[in-house]
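Here is how the chains run, residue by residue.
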Amino acid sequence: MNHLPLIIKREYLTKVKNKSFVIMTFLSPLIMIALIAVVAYLSQLNNDKQRTISILDETGYLKDVFQNTDNTTYTNLSGLAFDDAIALVKEKKDYGLLHIVKVDSLDDFADNVKFYSEDSPSLSIISGLESKIEKRLREMKLQKDGVTISQIEASKTNIEIEQESFDGEKSSKIDNVVKLAFGGAAGYLLFMFIIIYGNMIMRSVIEEKTSRIIEIIISSVKPIQLMMGKIIGTSLAGITQFIIWVILGGVLMVVVSTIFGIDLTQVKTPQQEMMNQAMQAEGAQAMAENLIVSIGNLPMTNLIIAFMFFFISGYLLYSSLYAAIGAAVDNETDTQQFMLPIIMPLILAVYVGVFTVIEDPHGTVSTVFSFVPFTSPVVMLMRIPFGVPLWQQGLSLLLLIGTFIFAVWFAAKIYRVGILMYGKKPTYKELFKWLKY
Amino acid sequence: MNDLLVANSVSKSFGGFRALNEVSIAVPKGSIFGLLGPNGAGKTTLIRIINQITMPDQGRVLLDGQPLKTEHIRDIGYLPEERGLYKSMKVGEQCLYLAQLKGLSKTEAKKRLKHWFNKLEIGDWWNKKIQELSKGQAQKIQFIVTVLHQPKLLIFDEPFSGFDPINANLIKDEILQLREEGATVIFSTHRMESVEELCDHIALIHKSNKILDGKLNDIKRQNKTNTFEVGLASLNKDRVFAEIQDKFEVLPATFKNLNDDMKLNIKLGLDTSPNDLLSFLTSKAEVHHFVEVIPSASDIFIQTIKNN
């Protein structure tokens, strides 16, 4: 008798109909979007703030250096005495006063620039001012040595190294960023999925134990059927939740940004601002084109197929262990000691993925960890966008599936014995003994 | 083939602990078979083996002459001692699910559930959640789920725990009726009065070994000590007592009746018949009470365990 579909259906429906599950499903994207909207709104407020910076340049060297921008206006106070300038700035409630004290030689210049303001000024403003002054000063020094402006301009070169593999596959820096984004997203998604829904499976096993229904069920179905039904049913509920999150999140994103006129993609951090500036320099148009080309360059078919296989095997590997833990204990507080050995390789995988795959996707560390079954799903998913030979993927998958089958066997053993054990918290030694029952 | 279930020298160990040691039982068709034993004797292990929850290390179990296989699950209905239901699931849904796991179709299960719900007068519970029911009410649901698929073999482990006397009686009558309809029942309990009432066969398991089995009446016959409980009224109690003590082995007895009688247990030798005793007693005193002492299931239980 194959009861698997029946069990899957029950597990799925119970999860999906559960009140807290429903609330989480619909509330989470709302909260997320609300949070993003608030941050976006606040940073927009910040960006829109008009600043006036007054310049008191006693040397006259920096005449044309400061050009007004959208948010910043520069006022030239040349000719005023310092005390008058300060008073004026205070009265106008300007952002601050940049004071360049008169110096005799260019060499002393650097030590005589000061910025006065009411509060301590923002880092980005100061570094903006500094870079402008530095640039001007360098030009002046070069000019003093007899180099002309046009020579300086001509000396500037922008190097963009073109990358090409031995097979003639071209790639660029942006390619790598895109690959990293895809791999990272895939690996991180798996990590999150395992943590969230693995826990859910564990809780559901514990619930069956504490409600004492387990023996009734077990007299009708094989424990392994119940376990697999539970894992698959819960995973389907998880996938449902994820899909709803993505759709709802997307819709809400559009709705919120049209209603409130907040551009949610413009959550600017100082770094992003610098990147934007860099992009503007290179030309945003070209950048976007590169991006599309880069995505097109990805080994999409390989990526999708590998994602499915590694995701499913990796997830099943971990979730069967979660089920075994749930069966071994009586309540959730007892799970702690068994959680560590599960969480450790997962976190290790994410760290290896983040730190070594970025640095060297085909280096020894990345390669080894993309074969070790407990870390391979995450690490391999991160490596694949960079192009991993099919034999490596195949071998890794084979190892993973082998381990997964072993883990299911192991978990089923623990599960079979554990679900009928009440009252005491087992030790590792006892778990080992159960394997032989 | 008159035995529905036969276990042939079944053994099972958990690690170093031997939970069952070559236990054999035979459960006749249509009987109510009491599986008795102190806590931790191995009853539950044996029941779990019959239910294919655990596999025996040695020995085999035959159901209707065939070795146990997966298909037999639908021939067995099991009400475990540790029992419960999904708390947040509705009664109706839950019953349907459990019935389908036993191989019933959804429509058939619904039909039978309606019948049982009416019979036990719980028709309006269909949409309630289990957590809204009392313990006894949940037990009723569990009972229905156990018998719904009309199994040949019913296994009840402490079926009356959690029931008030009225409902316990109701369930007892249902069990008896199921037996009338042809089901065979294995009944595990510590309540000896229900063993007395229901069982016609018993097996006693102690420290992983079966130490006694057979028809309850046969066992009682084997265990009786040829002792008679008598109540006598006489004006001269001391003299009568001395005369009886002279001829027979006498012990004091306690039972209740209306008169201020001499209450005695008199044990007869093999050469004396009850009639001899009775005629002797009538010649000495007025006999108000004369009953053969038949060992109760509880006495047999305690005695047999002590002797082992």
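Residues numbered from 1 in each chain as written. Chains lettered and ligands numbered in written order. Predicted model: local features only at pLDDT ≥ 70, side-chain atom pairs only at ≥ 80, totals over all residues.

Per an unreviewed UniProt entry, chain B goes by ATP-binding cassette domain-containing protein and derives from Winogradskyella endarachnes. Listed in UniProt under the heading Sequence similarities (unreviewed entry), the comment for chain B reads: "Belongs to the ABC transporter superfamily." (UniProt positions renumbered as here; feature names shortened; annotations may be inferred.)

Chain A carries the name ABC transporter permease in an unreviewed UniProt entry, which gives Winogradskyella endarachnes as its organism.

(A) Fine view of the overall build of chain A. Secondary structure assignment for chain A yields 17 helices and six strands. The buried share of chain A, taken over its 437 residues, is 30%. Within chain A, contacts between residues separated by at least 24 positions form 74% of all contacts whose residues are at least 6 apart in sequence. (Helix = DSSP H or I, 4+ residues; strand = E, 2+ residues; numbered from the N terminus. Buried ≥ 20, exposed ≤ 12 C-beta atoms within 10 Å, placed from the backbone. Contact = placed C-beta atoms within 7 Å.)

(B) Region of the structure containing the overall build of chain B. Looking only at helices and strands, chain B features ten helices and 14 strands. Its C-alpha radius of gyration of 24 Å places chain B more than 25% over the 19 Å reference for a compact globule of 308 residues. Each principal axis of the C-alpha atoms in chain B carries an extent, and together these give about 75 × 45 × 35 Å. Here the contacts in chain B between residues at least 6 apart in sequence split such that 73% fall between residues at least 24 apart. (Rg over C-alpha atoms; globule rule 2.2 N^0.38 Å.)

(C) Just the UniProt feature "domain: ABC transporter" (unreviewed entry) in chain B, in detail. The UniProt entry lists residues 5–232 of chain B under the feature "domain: ABC transporter" (unreviewed entry), expressed in the numbering used here. Along residues 5–232 of chain B one finds 34% helix and 30% strand; the C-alpha atoms at either end are 49 Å apart.

(D) Highlighting the nonpolar core. A323 of chain A together with I155 of chain B are the most contacted members of the largest nonpolar core, which totals 131 residues. Of the residues forming this core, the biggest block, 14 residues, is contributed by helix α12 (residues 300–328) of chain A. Excluding residues within four positions of it along the chain, I155 of chain B makes contact with I47, I50, I76, G77, Y78, L79 and I186 of chain B. Membership of the second largest hydrophobic core comes to ten residues, among which are F228, L277, L281 and A285 of chain B. (Core = buried A, V, L, I, M, F, W, Y, C linked by C-beta atoms within 7 Å.)

(E) Molecular detail of helix α2 (residues 91–101) of chain B. Inspection of α2 of chain B places V91, Q94, C95, Y97, L98, A99 and L101 of chain B among the buried residues, and these make up the whole buried set. Contact partners of the buried residues in α2 of chain B: α1 (4–17) and α8 (214–218) of chain A together with α3 (106–119) and α4 (135–147) of chain B.

(F) The environment of L36 of chain B, seen in detail. With respect to the helices and strands, L36 of chain B occurs in strand β3 (residues 32–36). Residues L36 of chain B and I202 of chain B, spaced 166 residues apart in sequence, show a C-alpha to C-alpha distance of 7.1 Å.

(G) Representation of the interface of chain A and chain B in the model. Taken together, the contact between chain A and chain B spans 19 residues of the former and 21 residues of the latter. Among the secondary structure elements, those contributing two or more residues to the side of chain A that touches chain B are α1 and α8 of chain A. Broken down by element, the side of chain A that touches chain B gets its largest block of residues, four residues, from α8 of chain A. Here the residues of the side of chain A that touches chain B sort into nine nonpolar, five polar and five charged. (Nonpolar A, V, L, I, M, F, W, Y, C, P; charged D, E, K, R; others polar.)

(H) Looking closely at the sheet that holds strand β1 (residues 51–57) of chain A. All names here are of chain A. An order of β2-β1-β3-β4 is seen for the four strands of this open sheet, with the pairing classed as mixed. Of all strands in the sheet, those with a lone pairing partner are β2 (72–76) and β4 (113–117), marking the two edges. Averaged over all pairs of adjacent strands, the angle between their axes in this sheet comes to 20°, without regard to strand direction. Where β1 lies against strand β3 (residues 96–100), five bridges are found, and the strand directions are parallel. In the sheet register, I55 faces β3, and the bridge partner there is L98. (Pairing = 2+ DSSP bridges. Axes fitted to C-alpha atoms, helices over the stretch in contact; angles between N-to-C directions.)

(I) Up close: the domain arrangement of chain B. Taken as a whole, chain B is organised into domain 1 (3–88 + 144–221) and domain 2 (225–292). Between the C-alpha centres of domain 1 of chain B and domain 2 of chain B the distance comes to 41 Å. (Domains from an automatic or database assignment.)

(J) The arrangement of the UniProt feature "transmembrane region" (unreviewed entry) in chain A in detail. Here the UniProt feature "transmembrane region" (unreviewed entry) sits at residues 21–42, 180–201, 242–265, 300–318, 338–358, 365–384 and 390–412 of chain A. With 100% helix and 0% strand, the stretch residues 300–318 of chain A has end C-alpha atoms that lie 26 Å from each other.

(K) Region of interest: the sheet that holds strand β11 (residues 227–233) of chain B. Residue and element names in this part refer to chain B. Across the sheet, four strands lie side by side as β12-β13-β11-β14; this open sheet has antiparallel pairing. Edge positions in the open sheet fall to β12 (249–252) and β14 (286–292), since each of these has one partner strand only. This sheet shows a mean twist of 30° between the axes of neighbouring strands, independent of strand direction. Bridging between β11 and strand β13 (residues 262–267) involves six bridges; their strand directions are antiparallel. Bridging across to β13, G231 finds its partner in K263. On the sheet, helix α8 (residues 237–247) packs against β11, β12 and β13 and is oriented at approximately 5° with respect to β13.

(L) The packing of α2 of chain B against α4 of chain B, seen in detail. Residue and element names in this part refer to chain B. Where α2 contacts α4, the two axes come as close as 9 Å, and the packing angle between them is 30°. Judged on the interaxial angle alone, α4 and α2 are roughly parallel. Between α2 and α4 lies a crossing of right-handed hand. Between α2 and α4, the contacting residues are V91, C95, L98 and A99 on the first element and I141, I144 and V145 on the second. Class assignment for the residues of the contact of α2 with α4 results in seven nonpolar, no polar and no charged. (Parallel < 35°, antiparallel > 145°, perpendicular 65-115°, else oblique. Left-handed = near helix turned anticlockwise from the far one by under 90°.)

(M) Up close: the pairing of strand β9 (residues 201–206) of chain B. All names here are of chain B. Where burial is concerned, most of β9 is hidden: five out of the six residues are buried. Pairing analysis gives four bridges linking β3 to β9, with the strands arranged parallel. Bridge assignment links G34 to a residue of β9, and that residue is I202. The turn linking β9 back onto strand β10 (residues 209–215) is made up of two residues, and K207 within it adopts a positive phi angle of 45°.

(N) Structural view of the confidence of the model for chain A. Considering every residue of chain A, the mean pLDDT works out to 81; 89% of them sit at 70 or more. Looking at the elements of chain A, mean pLDDT is at its lowest for helix α10 (residues 270–282) of chain A, recorded as 50, and at its highest for α1 of chain A, recorded as 91. (pLDDT = per-residue confidence, 0-100.)

(O) Region of the structure containing unusual backbone geometry. All names here are of chain B. In the Ramachandran plot, E22 falls in the positive-phi region, its phi being about 45° despite a non-glycine side chain. Residue position: E22 is located in strand β2 (residues 17–28). Residue class for E22 comes out partly exposed when judged on the 14 C-beta atoms lying within 10 Å of it. Its identity is not glycine, yet Q150 carries a phi of approximately 50°, on the positive side.

(P) Broad picture of the packing of helix α13 (residues 336–359) of chain A against helix α15 (residues 376–383) of chain A. Residue and element names in this part refer to chain A. At their nearest, the axes of α13 and α15 sit 8 Å apart, and the two run at 25° to each other. Taken together, the axes of α13 and α15 lie roughly parallel to each other. Handedness of the α13/α15 crossing: right-handed. Contacts from A349, V350, V352, G353 and V357 of α13 reach α15 at V378, V379, M382 and R383. Taken together, the residues of the contact of α13 with α15 break down into seven nonpolar, one polar and one charged.

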